[in-house]
Amino acid sequence: MGRRKKPIETKALSNWKLLDEFRRRLGRMRSARGSAEPEVDPKRQLLEDDYFCLFLFGLLNPVVDSMRGMCAASKFERVQAEVSRGPVSLGSFSEAQSVFDADLLKEVFLDLSKEVGTWSGDPRLAPLADKLQAVDGTLLPALPRMHWALWVDENNRAAKLHLKFNVMRASATEAIITAGNASERAALRKMLKPGEINITDRGYAQEYKFLAEMRDLGASFVSRIRNAPVMEVIDALALTDADRAAGVTWQGMVKLGTQWESTPIRVVRVEADGHVLLLATDLHLDAELIALIYRYRWQVELFFKWLKCILRCRHLLAESPRGVAIQIYCALIAALLLQAFTGKRPTKRAMEAIQFYFMGYIDADELVFFLNSLKINS
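Before going into details, it helps to say that this report is about the structure given with it.

Rules used throughout
Residues numbered from 1 in each chain as written. Predicted model: local features only at pLDDT ≥ 70, side-chain atom pairs only at ≥ 80, totals over all residues. Heavy atoms only, no water. Helix = DSSP H or I, 4+ residues; strand = E, 2+ residues; numbered from the N terminus. Rg over C-alpha atoms; globule rule 2.2 N^0.38 Å. Buried < 20%, exposed > 50% of the residue type's maximum accessible area, 1.4 Å probe, protein only. Contact = heavy atoms within 4.5 Å. Areas by Shrake-Rupley, 256 points an atom, 1.4 Å probe, with all protein chains shown as cover. Lys, Arg positive; Asp, Glu negative; His and termini not counted. Charge placed at Lys NZ, Arg CZ, Asp CG, Glu CD. Core = buried A, V, L, I, M, F, W, Y, C linked by side-chain atoms within 4.5 Å. Axes fitted to C-alpha atoms, helices over the stretch in contact; angles between N-to-C directions. Parallel < 35°, antiparallel > 145°, perpendicular 65-115°, else oblique. Left-handed = near helix turned anticlockwise from the far one by under 90°. Nonpolar A, V, L, I, M, F, W, Y, C, P; charged D, E, K, R; others polar. Pairing = 2+ DSSP bridges.

1. Points about the overall build of the protein chain
Secondary structure assignment for the protein chain yields 15 helices and 10 strands. Taken over C-alpha atoms, the radius of gyration comes to 23 Å for the protein chain, in line with the 21 Å a tight globule of 378 residues would show. For the protein chain, the C-alpha atoms occupy an extent of roughly 70 × 50 × 40 Å along the three principal directions. In the protein chain, which comprises 378 residues, the proportion classed as buried is 51%. Considering only contacts in the protein chain between residues 6 or more positions apart, those separated by 24 or more positions represent 63%. Total accessible area on the protein chain stands at roughly 18400 Å², and carbon and sulfur atoms take up 53% of it. Where the 52 positive side-chain charges of the protein chain centre and where its 46 negative ones centre are 2 Å apart.

2. Comments concerning the nonpolar core
Side chains of a nonpolar character, in soluble globular proteins, are inclined to be buried together. Judged by nonpolar contacts, the single largest core of 103 residues is most densely connected at F52, L163, F303, L311 and L332. If one sorts the elements of this core by residue count, helix α13 (residues 321-342) sits on top with 15 residues. If sequence neighbours within four positions are ignored, F303 has contacts with L163, F165, A172, L332, A335 and R345. With 22 residues, the next largest nonpolar core counts V135, I176, F210 and V254 among its residues.

3. Details of the packing of helix α3 (residues 48-60) against α13
Their axes nearest at 9 Å, the elements α3 and α13 cross at an angle of 60°. It follows that α3 is oblique to α13 by the angle criterion. Classified by chirality, the crossing of α13 by α3 is right-handed. Touching Y51, F52, F55, L56, L59 and L60 of α3 are I326, Q327, C330, A331, A334 and L338, all from α13. Taken together, the residues of the contact of α3 with α13 break down into 11 nonpolar, 1 polar and no charged.

4. Focus: the pairing of strand β5 (residues 197-200)
Alternating residues of β5 divide into I197 and I199 and N198 and T200, and every residue in both groups is buried. Bridge analysis of strand β1 (residues 132-142) against β5 gives 3 bridges, and the strand direction is parallel. Residue pairing for β5: L132 is matched across the bridge by I197. Both β5 and strand β6 (residues 220-225) contribute to a ladder of 4 bridges, which runs parallel.

5. What about the environment of K344?
If you trace the backbone, K344 turns up in the loop between α13 and α14 (348-359). Each C-alpha atom of the pair K344 and I333 lies 14 Å from the other, and the pair is 11 residues apart in sequence.

6. Focus on the packing of helix α8 (residues 184-191) against helix α9 (residues 209-216)
Contact geometry for α8 and α9: axes closest at 12 Å, N-to-C directions at 5°. The pairing of α8 with α9 is recorded here as roughly parallel in orientation. When α8 is examined against α9, the residues R185, L188 and R189 are found in contact with a partner set consisting of F210, E213 and M214. Of the residues that constitute the contact of α8 with α9, the class distribution is 3 nonpolar, no polar and 3 charged.

If you want it as structure tokens, here you go:
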């Protein structure tokens, strides 16, 4: 069992301004990297922070769902006072994606990811809480004219978010944005860190040598492989009663494929709910724990669904690679800020209440009472 979350208190919300907190973190990151504050030129219609904040405003406001909608909203006095500091033209908004720095947002996201997330899960995995990282990618449909977003053919375009997700803390920890047909293994190579345990699906293990490559780099893994692999069994390993109770039916040391040149690797066979899973790993843990670790991989799938359906990040507002990266990093930052406040990712009902709060329809006391009631009843 995870630690019981403390109830949200009104005093914690009274000064909670997501956009103000976002601006503060942008400024802090600029200082950390030795960058000067953006020059305020009276001729400029749109500043970097304003552009970034408009994206967060769009994610949190159920009415605004397009670039044109954001620009139209920027003409209202309250939006100018709290979000963009001035009206924004469609041309300025479109041009900004090629001017402003998506890497700054990525650094804010990475910094924030270290602070967010309360451990919960099976206590047997507690020693691995900071190491277990589910890795996966998800497609975000793009317009046919976005030629860089290669996927399938000329009429089907998409960007892809490659994500590392700490399954014990339920928070995103690293991300890369590419064209839809980019290699998932290539993206993971850039995100590998020694000592972490990467939980991956079959796509990452289509080339068996990649498993050996991860091991050589000091990054551990629990990776599903195809169910009928070419493999040479070197040694069958015994199972315990606890392993069998967890659905494990076999484990052994094997050489995968026909050109395996590394030392043998461990494969665990799991049967559960009518499915057969073959899991390759370099971990020296009981087979039942290997099966348990892989079960947590679905946390990243649930996060993708939440990001698209609850945070409404399935529709790309920008068209350039940099603009898409800005939008996605803003969405990931918004997810972490919301999680930092509520203690977990808001449900649809909780997100609606937060949006009502931002729109001024409910006060802090009402929001806190509602969010705490959701925790009690969940």
